[in-house]
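Single-letter residue listing:
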Amino acid sequence: RPMASVSLRTFKPTNDPNHFDYFTVDLNEELSGLYGGVLIRQATFVLICVKHILSLYRTTAFPPSSLLLLGHSAGGIVAKALFTLPNFDPSLVNTILTLGTPNSSPVIALDEDLAGVTDAATRTIQDEDDLLIMAIGGGIRDRQVRSGLTRLPNSNARISVVTTSVPNAWVMTDHHCLVWCRQMVINLNRALFQLIDVRTRQLATDFDHRVQHWKRWLLHPIFSAVPSYFNHTFIIDVKNLPWSLPHNHYKSTFFRYGLSTVTPSDVVIAVSNTPLDTWIIGCFKGETTLQTCQNASSLDYATLPPTYGPVKMAMLTLSDLAGYSHMDHWMF
């Protein structure tokens, strides 16, 4: 519910054409974290919900073919247990985001079903090449599910982080706060809106693109050197940014960096004295004139702490900006 609330309250006033429909599965508060006998029944119910939700969009111009599942605590186990069901089509779910989920083993294995379903789900999803799974732990404040249990097996399609290391979050959370922590909720919503394919208004489905996108937003990059170049300052007209700037800032003064003449090993630091959360953007190649961004993407995931003050700083590896012609950061 917090994810949906932030998404709606942020984008409804701006009349942004892109939005998300959130659906919550009510599992009747069954204690699936303590009793594994209900996990498969819950997964079967979730499968029915997934099929019904997708059926609601069959008549749209670009109907979605899969869903992103967000599971908190044992809800993450239920999401992964879908793949153990004999009648489940893996193409229905291409991304799972778990919050405080004991992915490696149960916190307390009170019965063999609890451990059995967890192990079976872990083994089954290893064979799903197109499935991206992200696990977020709350750090030492989560005393119910310690962060070590939330980790996933190492692979390109498995991302494990703790909230203290997520850019723009940098905080510890308790087990329940994981679902409504302001920094994390805003960060995840921004990442989702940046993943929208502007042609279909659905989440991008390309596997490599999804993996790199979520790694940028959830993993802190490593930096080495700073280039000594810059271009000019312009009034930039931003036409299309999924996570929208306030309307009175669409035409603002931006400092513009050209990215076509630098080497991939360079690193750029951008600093701005701005009250805005969305303050640094990338302009896509082929869609940019000297003073216009026809399509842009937020680069706020690279903002370094502290993020609550007016002075903002970001560090970006230029090898991650291959699709952009310019990078602009807000000045006034």
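Residues numbered from 1 in each chain as written. Predicted model: local features only at pLDDT ≥ 70, side-chain atom pairs only at ≥ 80, totals over all residues. Heavy atoms only, no water.

Caption draft 1: Highlighting the sheet that holds strand β3 (residues 132–137). Read from one edge to the other, the open sheet built from 4 strands follows the order β1-β2-β3-β4, with strand pairing classed as parallel. The strands lining the two open edges of the sheet, one partner per strand, are β1 (67–72) and β4 (158–162). Mean inter-strand twist for the sheet, computed between neighbouring axes without regard to direction, equals 15°. By the bridge criterion, 5 bridges tie strand β2 (residues 93–99) to β3 in an arrangement that is parallel. Paired with T98 across the bridge in β3 is A135. Sheet strands touched by helix α7 (residues 207–218): β1, β2, β3 and β4. Its angle to β3, the strand with the most contacts, is close to 10°. (Pairing = 2+ DSSP bridges. Helix = DSSP H or I, 4+ residues; strand = E, 2+ residues; numbered from the N terminus. Axes fitted to C-alpha atoms, helices over the stretch in contact; angles between N-to-C directions. Contact = heavy atoms within 4.5 Å.)

Caption draft 2: Looking closely at a nonpolar patch on the surface. Taken together, L31, L34, Y35, V107, I108 and L110 make up a surface patch of nonpolar side chains, about 600 Å² in accessible area. Within the secondary structure, L34 sits in the loop between α1 (2–11) and α2 (39–55). (Patch = residues over 30% accessible without salt bridge, like charges linked within 9 Å, V, L, I, M, F, W, Y side chains within 5 Å. Areas by Shrake-Rupley, 256 points an atom, 1.4 Å probe, with all protein chains shown as cover. Salt bridge = Lys/Arg side-chain N within 4 Å of Asp/Glu carboxyl O.)

Caption draft 3: Seen up close, the packing of α2 against helix α3 (residues 74–81). Packing of α2 against α3 leaves a shortest axis separation of 8 Å and a crossing angle of 70°. Here α2 lies roughly perpendicular to α3, going by the angle between them. Both α2 and α3 take part in a crossing whose hand is right-handed. Contact residues: α2 offers L39, Q42, A43 and V46, while α3 offers I77, V78 and A81. The class makeup of the residues in the contact of α2 with α3 is 6 nonpolar, 1 polar and no charged. (Parallel < 35°, antiparallel > 145°, perpendicular 65-115°, else oblique. Left-handed = near helix turned anticlockwise from the far one by under 90°. Nonpolar A, V, L, I, M, F, W, Y, C, P; charged D, E, K, R; others polar.)

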